[in-house]
Protein chains: 2
Amino acid sequence: MPRAISLLEQIIAWVRPDMTTPFDFEPLLPAGLPAAAARWSGRVKYDFTGGNNDPDRVPLDGLVAAANAVLRREGRTLATYGLNSGPQGYRPLRQFLAAKLKADAAIDCTADDILMTSGSLQALDLVNGALLERGDTVIIEQDCYQGSINRLVRLGVRPIGIPLDGEGMQMEPLANVLADLKARDVRPKFIYTIPTVQNPTATILPLERRREMLRLAGAYGVPIFEDDCYADLIWSGKRPPAIHALDDRGGTIHIGSFSKSIAPALRVGYIVAPWQVLSRMLALKTDGGTGALEQMVLAEFCSGQFSKHVPVLRAGLRAKLETLMDALKQYFGAAAQFDDPQGGIFLWIELPASVDTAKLYHSALAAGVAINPGPEWSVNAAHARNRLRLCFANLSHEEINQGVAALAEVCKREFALAGV
Amino acid sequence: MPRAISLLEQIIAWVRPDMTTPFDFEPLLPAGLPAAAARWSGRVKYDFTGGNNDPDRVPLDGLVAAANAVLRREGRTLATYGLNSGPQGYRPLRQFLAAKLKADAAIDCTADDILMTSGSLQALDLVNGALLERGDTVIIEQDCYQGSINRLVRLGVRPIGIPLDGEGMQMEPLANVLADLKARDVRPKFIYTIPTVQNPTATILPLERRREMLRLAGAYGVPIFEDDCYADLIWSGKRPPAIHALDDRGGTIHIGSFSKSIAPALRVGYIVAPWQVLSRMLALKTDGGTGALEQMVLAEFCSGQFSKHVPVLRAGLRAKLETLMDALKQYFGAAAQFDDPQGGIFLWIELPASVDTAKLYHSALAAGVAINPGPEWSVNAAHARNRLRLCFANLSHEEINQGVAALAEVCKREFALAGV
């Protein structure tokens, strides 16, 4: 007798006293939600975290001119989802990318093979969403981008880390892991790699290792997920061909971004993949398209000026890296070990074994210095315990020097480093 | 003996013959993926689908001026994720919204209560992600936005539809459903409603029903999820206070968008919610922020010109609606039943019971006319079987007239409608 129940409930409802006590959402939250975000408290004085870029190298004049030109010419298309380009993204930007990827990375693709995304972070979500489910196994570089590790953990996917050396992921451990997994009837869903300016080690995987990774991936029937978002930032401007370019079988998914080459606050990235799987990612992209104004302005700017802009950006980044390395030598001496990266916006540093960078993170923050503690950027916490990542692009030369000095002070005080 | 296995596997790998056959991703795809997307084949001649807007009413001059001003003044902040505003989005835009929501919808909130999102579609995903899990029950309007229905189905959540009349969701059926669910110990996760220009019925929930919905929601401990993305498009410019504004207990989550008031290809929406739950949504927003250029341009444009722009947009939309209603009377006569909407960009039409709009969709498409068949916009397929949604903002007056004529021809041919 639903009606009777309903009336009764309504009477109960009327006499309820709790209509003014604040509503409590807590009991409604599903299990497994990430912890609540904290209120943003502003930027730290010396912020060495995050993939931020050099504010002095944002190509403002070019972006303003591009915005004027493209809005005057095509602005009315903003009235339509997807402009006149459909769900894969603004076609002129995909056409620019197809040409750029051919010229820089030797990737042979067309605009139809590219899906524009809201930054390469959405690209990570779409690739993961199309291939992964709870309980899956994937292979990644042992020291790896925190955002990629966190996504796998949240999805209930097991990441197996492969050690790196000065030339990126090592192939013998990769072969062993693939063989061991196969012996246990485990087929990893993909090998995730950042082969070109790896995050956080800034290593570049040589051509031979790229071929060997492809050979192993082919032999074991495992796709390669190539994250190339830093590849534009190699000092020499010369990069090895993308793994995607070397893959004759179409078993590689390639993603990239404009965050590192133009500006990270513009949320524009892309996926290059065979339609068999790209069509699945497109079906998962239910966001009404990636920001059109940003795609239009980027296409207009990049088609004429990308190749002029990036070398200027790189020169500024290289100079800041040298300031960082000098400051580390000055204030840490032999206590800070690192390689001189061939590109990128970050430095991966090893401190003496006595330093726990997870602890250092908190004391440094109290001193106004934000760092990325190694354990957050690795699936091998013990290996990364005394390592940290410092991003240098967003700070001024003075801030880099002062920030490293302040960090050294904290290390001296907290960990009594010799030579500091 | 993992090493031995490894060598063996490597030998097998070397001799494998399949290194050139195309890689097959199919066996790697998890169960439950949505169907692969089809290749985009360009826009249909008469496209009455999608929340597209009037290309002639995109405020181009204002957007160009805004882009120039804001990029010149603050463009260098694009080098930093989140600009200088943190993860909730560009602060000047949140400040504009707080003032606008107060003036238009009587919502009393500050910039700190607002999370900018990549369109209100991401807002839907974040609210759903923070509150829903497989097996949950939610209450929605029986005829409802397809994107909201599809999201619930994909999440394995059960939507219970409440019938609408000319004034939106009916309260007695809502009371009955809440009581029935409580009698079965089912606590719905929220009541999802589009109270102000409902999609697809274009109804506006009167103040008394908003209060009654709040009373019932409070009595049963159910939050209200208020989707207000069409609220700016009421012809009179007068809207009832938002449900969020009437809720003294903070049990209402309010979302909105700039897609309908400025341009849909700009992917900028927002959530207004208590920090207890907004902080959970923020933790789920792992996209590196919403497109900064679009937020900056919108804030710059809207702070000065939003209130001048929207009435001009509304006048153009109202004129197109009248063209659509005239065309329906001319070509369908009494066979097409509809109310004259008080706002919005779409018309919800009932055809004679003989018409199956899911079938009509295909024959109309073959004739160059795209429509939204009723069953895709309702959780009651039988009720919606002979209904359809026509969006009118994006077409010219001529296209609206010709498209309706072409649709009538199809109906006459396929369903032998009397009076058509």
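Rules used throughout
- Residues numbered from 1 in each chain as written.
- Chains lettered and ligands numbered in written order.
- Predicted model: local features only at pLDDT ≥ 70, side-chain atom pairs only at ≥ 80, totals over all residues.
- Heavy atoms only, no water.
- Least-squares fit on C-alpha atoms with pLDDT ≥ 70 in both.
- Contact = heavy atoms within 4.5 Å.
- Salt bridge = Lys/Arg side-chain N within 4 Å of Asp/Glu carboxyl O.
- Helix = DSSP H or I, 4+ residues; strand = E, 2+ residues; numbered from the N terminus.
- Buried < 20%, exposed > 50% of the residue type's maximum accessible area, 1.4 Å probe, protein only.
- Phe/Tyr/Trp six-rings, centres within 6.5 Å; stacked < 30°, edge-to-face > 60°.
- Domains from an automatic or database assignment.
- Buried area = accessible area lost by both parts, 1.4 Å probe.
- Nonpolar A, V, L, I, M, F, W, Y, C, P; charged D, E, K, R; others polar.
- Core = buried A, V, L, I, M, F, W, Y, C linked by side-chain atoms within 4.5 Å.
- Polar contact = N/O pair within 3.5 Å; in protein donor to acceptor, adjacent residues only side chain to side chain.
- Pairing = 2+ DSSP bridges.
- Axes fitted to C-alpha atoms, helices over the stretch in contact; angles between N-to-C directions.

Turning next to the relation of the copies chain A and chain B. Screw-axis analysis of chain A against chain B gives a translation of 0.0 Å along the axis, an RMSD of 0.0 Å, and a rotation angle of 180 degrees. This pairing of chains is accounted for by a two-fold axis. Most of the interface of chain A is mirrored in chain B, where 99% of its interface residues again form contacts.

Time to look at the pattern of salt bridges. Residue and element names in this part refer to chain A. Tallying each qualifying case throughout the model produces 47 salt bridges over all chains. The salt bridge involving Lys100 is made with Asp104; its shortest N-O contact spans 3.3 Å. With Lys100 and Asp104 both in helix 3 (residues 91–105) and four residues apart, the pair spans about one turn of that helix. Classification of Lys100 as buried rests on a relative accessible area of 11%. Under the relative-accessibility criterion, Asp104 is labelled partly exposed at 35%.

By the definition in use, this model includes 18 aromatic pairs over all chains. Where Phe96 of chain B meets Phe306 of chain B, the ring centres are 5.5 Å apart and the plane angle is 65 degrees; that geometry is what we call edge-to-face. Pair noted here: Phe96 of chain B is in helix 3 (residues 91–105) and Phe306 of chain B is in helix 10 (residues 292–332), with a separation of 210 residues, a long-range link. Of the two residues, Phe96 of chain B and Phe306 of chain B, both sit in the buried class. A ring pair is formed by Phe190 of chain B and Phe225 of chain B, whose centres lie 5.3 Å apart and whose planes are at 90 degrees; its orientation type is edge-to-face. Taken together, the residues span a long stretch of sequence, with Phe190 of chain B in the loop between helix 6 (171–183) and strand 7 (191–193) and Phe225 of chain B in strand 8 (residues 224–227) at a distance of 35 residues. The exposure classification of Phe190 of chain B matches that of Phe225 of chain B, with both residues buried. Cluster of aromatic residues (ring-pair linked, three or more members): Phe96, Phe258, Tyr270 and Phe306 of chain A.

Our next topic: the domain arrangement of chain A. All names here are of chain A. As assigned here, chain A comprises domain 1 (46–56 + 307–415) and domain 2 (59–306). A C-alpha centroid distance of 25 Å is found between domain 1 and domain 2. At the interface, 28 residues of domain 1 touch 32 residues of domain 2. Interface of domain 1 and domain 2: buried area, both sides summed, is about 2,600 Å²; carbon and sulfur atoms make up 60% of it. Of all residues in domain 1, Arg314, Trp377 and Val379 give up the largest surface area on contact with domain 2, accounting jointly for 24% of the area buried on that side. Run the count over domain 1 and domain 2 and you get zero salt bridges. Counting only elements with at least two residues in the side of domain 1 that touches domain 2, the list comes to helix 10 (292–332) and strand 11 (346–350). Classifying every residue of the side of domain 1 that touches domain 2 gives 12 nonpolar, 11 polar and five charged.

What follows concerns the side chain of Gln122 of chain A. Residue and element names in this part refer to chain A. Relative to the elements of secondary structure, Gln122 occurs in helix 4 (residues 119–131). According to the relative accessible area criterion, Gln122 is buried, its value standing at 13%. When residues no more than four places from it in sequence are discounted, the contact partners of Gln122 are Thr117, Lys285, Asp287 and Thr290.

The subject of this paragraph is the nonpolar core. If you look at the biggest cluster of nonpolar residues, it comprises 82 residues, and the most contacted ones within it are Leu78, Phe258 and Ile262 of chain A together with Leu78, Phe258 and Ile262 of chain B. Residues contacting Leu78 of chain B, with those up to four places away along its chain left out, are Leu63, Ala263, Pro264, Ala265 and Leu266 of chain A together with Leu71, Leu83, Ala292, Leu293 and Met296 of chain B. Core analysis: the second largest hydrophobic core is formed by 45 residues, Leu390, Cys391, Phe392 and Leu395 of chain A among them.

Taken together, the contact between chain A and chain B spans 121 residues of the former and 120 residues of the latter. Here chain A meets chain B over a buried area of about 10,300 Å², counting both sides, of which 59% is carbon and sulfur. On the chain A side of the interface with chain B, the three residues burying the most area are Phe25, Tyr81 and Arg249 of chain A, jointly 8% of the side's total. If you look at where chain A meets chain B, you find four salt bridges. For Arg280 of chain B, the salt bridge goes to Glu26 of chain A, with nearest N and O atoms at 3.4 Å. Counting across the chain A and chain B interface gives 47 residue pairs in polar contact (both at pLDDT 80 or more). For the side of chain A that touches chain B, the elements supplying multiple residues, two or more each, are helix 1 (2–15), helix 2 (60–74), helix 4, helix 5 (146–154), helix 6 (171–183), helix 7 (207–220), helix 9 (275–284) and helix 10 of chain A.

On to the sheet that holds strand 7 (residues 191–193) of chain A, then. All names here are of chain A. Pairing is mixed in the open sheet, where seven strands are placed in the order 2-10-9-8-7-3-4. At either end of the open sheet lies a strand with only one pairing partner, and these are strand 2 (114–117) and strand 4 (158–162). The mean inter-strand angle of the sheet, taken between neighbouring strand axes irrespective of direction, is 20 degrees. As paired strands, strand 2 and strand 10 (residues 269–272) are joined by four bridges and run antiparallel to one another. Looking at strand 10, one finds that Leu115 is bridged to Ile271. Helix-sheet contacts for helix 7 involve strand 7, strand 8 (224–227) and strand 9 (252–257), and the interaxial angle to strand 8 is about 150 degrees. Packing against the sheet, helix 9 makes contact with strand 2, strand 9 and strand 10, and its axis sits at approximately 25 degrees to strand 2.

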